[in-house]
Amino acid sequence: MVPIMTANERLLTQPRKVIQDTFDKYEQHPTQALVHALSTQYARVFTEPSMLEQIPYVEPGSISSLISSLQGDRSQKVGILVRWRCMIQDTGMGNELCLATLSSDGRRVCGLYGADAHFSHANQDDAAMDTANLGERTVFFAVSVPGETAWARDHMVGTSASLSHAMKELNVELNDTTRTPRSEHPSVTALVKVYDVDAAEQFKTSDVIDVLGLLDLGTCPQAHWHLDETESTEAPILPCVHALHVRSAPPLFPADSDSLNAPEDVRASLVRYLTEVMGGDALVAEYILLAMLSRVHARKNGIVIGPFSINVTGLDREHYEALVSALEQIMPAVVCQPLTLAELNDAAHPLYVCGTDTGIQAGRLQLPHGTCVVLDESGMDEGQLNDAGVRNIRALFSLLQQHTLPYVFPFSELDIPTDLVIIVVSQSKSLLPVDAHIHAQPHQAPQMKVSSSMLHTFRLFLTNIRQKTLSIPVDVSDHIQDDFVKMRRSGAHRFDQDDLQRCLHVSRLLSLSHGLERLTTDMWSQAKVLDATRAERVALP
């Protein structure tokens, strides 16, 4: 007796048959009705962990196994369903026309999701003569999430990568490294083709998306490489994912306060851990925690509310490496960017994004929201900045002051909003416009002893708190204003508008870190004490 395949099994193992069967049901409907029906079916996969684990995950591996898998007769017939969590590197590919319907052996068949390529050129040409057979899709250029830490990848993917269903792990040897922000690290670069063109409009450059789709090979929908004054060239062939369902990548953990027990205790444990990492310096540990919790909450009239960048001075190499290691253990994405003279003057690998005739060249700081960026000035030496160096410095100022990253095109420039956690490490006070300078005073070797269960709790705490918002009651706001006026009048010490804004930043983040939903006068008082202690250290010779 032949076993009967369940609907869920068909979704995973026979995606092209699922597409054709759905096409048959929606043949008399607009193409977008078919696309929505398929998206709804495959959206179920994200709600079923047992199904999700059976889908191979796209990540660095071998291009030869990819090509051989796609060339197999069975793979062409049933399709290879894959999952990819990636960052949109370029939305400028635009839309392209494709064959939605063809005729084969007297039957109308679906040409979407790369199916048209499996028919003869004659079939394709005949179908293309009738515009009613055409559909439209949006094309993105995407890359592996830059700086994604090992634990974050394992948490999102689970056991999927160990499966050998239809393909081995993917590596793009035809990789265009100008598309990858961190080209020194293994990465997949590929096209994502989205058939729900209305839904595609919500996605922006540097967004992280979660894609379920059919693996294929394709070319960018541009013609710049076709003509040359002396010779014609072929379009580069790239891996491609025809998206059956695409969504904004969700947070690693849901914003559910019930899932985090005793947040005050977790906060205390996390501060102790960071204190040990920082050689016993509890003050620096507090500021690192506040920086990790900061994010953009609002943008209004050019004012950005929420980010809190810090500059840590006085760290030796041992404590710097311990800090980076600790960040990689608890933050989902961490990028270390040296700020040496050579790095700044490197025109081939700018920090900002460059526009070209064939798309945008990734900047090294073109990163997803929430990425923790460690800017390392410890190797900075004397010398002269060239034009690229000046542009990179301007990009850093834009990143820290306006929280935007320049996208520089030949005849124009755009500033694209960013939301990064930024920690600047230097031997002396940085000239970069950070929100707070703090001088470290480690007095012992860094300690990194922490259990895997406690690390998971720290990750849950940080993810949960970063999703929360804070309100400021009117009475607390009035108290802060009165306090500011009193301190200005007392003349005991200088307390200007910059100090007020910094203490407000600190009090907001302190409140959030303690699990509060409203700012309190007690948190305001603690913020002033913390800031005064920090200022005393910075003022020391």
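Residues numbered from 1 in each chain as written. Predicted model: local features only at pLDDT ≥ 70, side-chain atom pairs only at ≥ 80, totals over all residues. Heavy atoms only, no water.

## Observations regarding empty space enclosed by the protein
Then, in step 1: Counted according to the given criterion, the structure contains 1 cavity of 30 Å³ or more.
Then, in step 2: Contributing to the lining of the largest cavity are Ser294, Pro307, Phe308, Ser309, Leu400, His403, Leu420, Val421 and Ile422.
Then, in step 3: Class assignment of the residues belonging to the lining of the largest cavity gives a composition of 6 nonpolar, 3 polar and no charged. (1 Å grid on protein atoms, 1.4 Å probe; cavity = no way out; pocket = protein on both sides within 12 Å on 5 of 7 lines; lining within 4 Å. Points joined across faces, edges and corners; volume = space filled by probe spheres on them. Nonpolar A, V, L, I, M, F, W, Y, C, P; charged D, E, K, R; others polar.)

## What about the sheet that holds strand β17 (residues 412–417)?
Then, in step 1: Read across the open sheet, the 4 strands follow the order β14-β13-β16-β17; overall the sheet is mixed. The open sheet has two edge strands with one neighbour each: β14 (359–361) and β17. The mean angle between the axes of side-by-side strands here comes to 30 degrees, regardless of whether they run parallel or antiparallel.
Then, in step 2: Across 6 bridges, the pairing between strand β16 (residues 404–409) and β17 is antiparallel. When the sheet's bridge partners are listed, Thr404 is paired in β17 with Pro417.
Then, in step 3: Each of β16 and β17 is contacted by helix α14 (residues 387–401), which is oriented at about 140 degrees to β16, the strand it contacts most. (Pairing = 2+ DSSP bridges. Helix = DSSP H or I, 4+ residues; strand = E, 2+ residues; numbered from the N terminus. Axes fitted to C-alpha atoms, helices over the stretch in contact; angles between N-to-C directions. Contact = heavy atoms within 4.5 Å.)

## Some words on the environment of Gly302
Then, in step 1: Mapped onto the fold, Gly302 is located in the loop between β9 (298–300) and β10 (303–305).
Then, in step 2: C-alpha of Gly302 to C-alpha of Gln402: the two residues are 100 residues apart in sequence and 7.5 Å apart in space.

## Notes on the pattern of salt bridges
Then, in step 1: The final tally for this structure, using the stated rule, is 19 salt bridges.
Then, in step 2: Its salt-bridge partner being Arg10, residue Asp21 comes within 2.5 Å of it at the nearest N-O pair. Here Asp21, found in helix α2 (residues 15–25), pairs with Arg10, found in helix α1 (residues 7–13); they are 11 residues apart in sequence, far enough to count as distant.
Then, in step 3: Two residues, Lys528 and Asp483, come together in a salt bridge whose shortest N-O distance is 2.5 Å. Taken as a pair, Lys528 in helix α18 (residues 521–539) and Asp483 in helix α16 (residues 474–490) lie far apart in primary sequence, 45 residues in all.
Then, in step 4: Here Lys528 falls in the partly exposed class, since its relative accessible area comes to 23%.
Then, in step 5: For Asp483, a relative accessible area of 12% corresponds to the buried category.
Then, in step 6: Through salt bridges that share partners, Asp499, Arg502, Asp531 and Arg534 make up one connected network. (Salt bridge = Lys/Arg side-chain N within 4 Å of Asp/Glu carboxyl O. Buried < 20%, exposed > 50% of the residue type's maximum accessible area, 1.4 Å probe, protein only.)

## Comments concerning the confidence of the model for the chain
In regions of low pLDDT, the predicted coordinates are not meant to be interpreted in detail.
Then, in step 1: Across the chain, the average pLDDT comes to 85, with 86% of residues at or above 70.
Then, in step 2: Here helix α5 (residues 63–71) stands out as the element of the chain with the lowest mean pLDDT, 51, in contrast to helix α11 (residues 282–293), whose mean of 98 is the highest.
Then, in step 3: Under a pLDDT of 50 for its full length, residues 161–175 has, in the predicted model, 46 contacts with residues more than four places off or in other chains.
Then, in step 4: For residues 223–232, every residue scores under 50 in pLDDT, and the model assigns this stretch 9 contacts once sequence neighbours within four places are set aside. (pLDDT = per-residue confidence, 0-100.)

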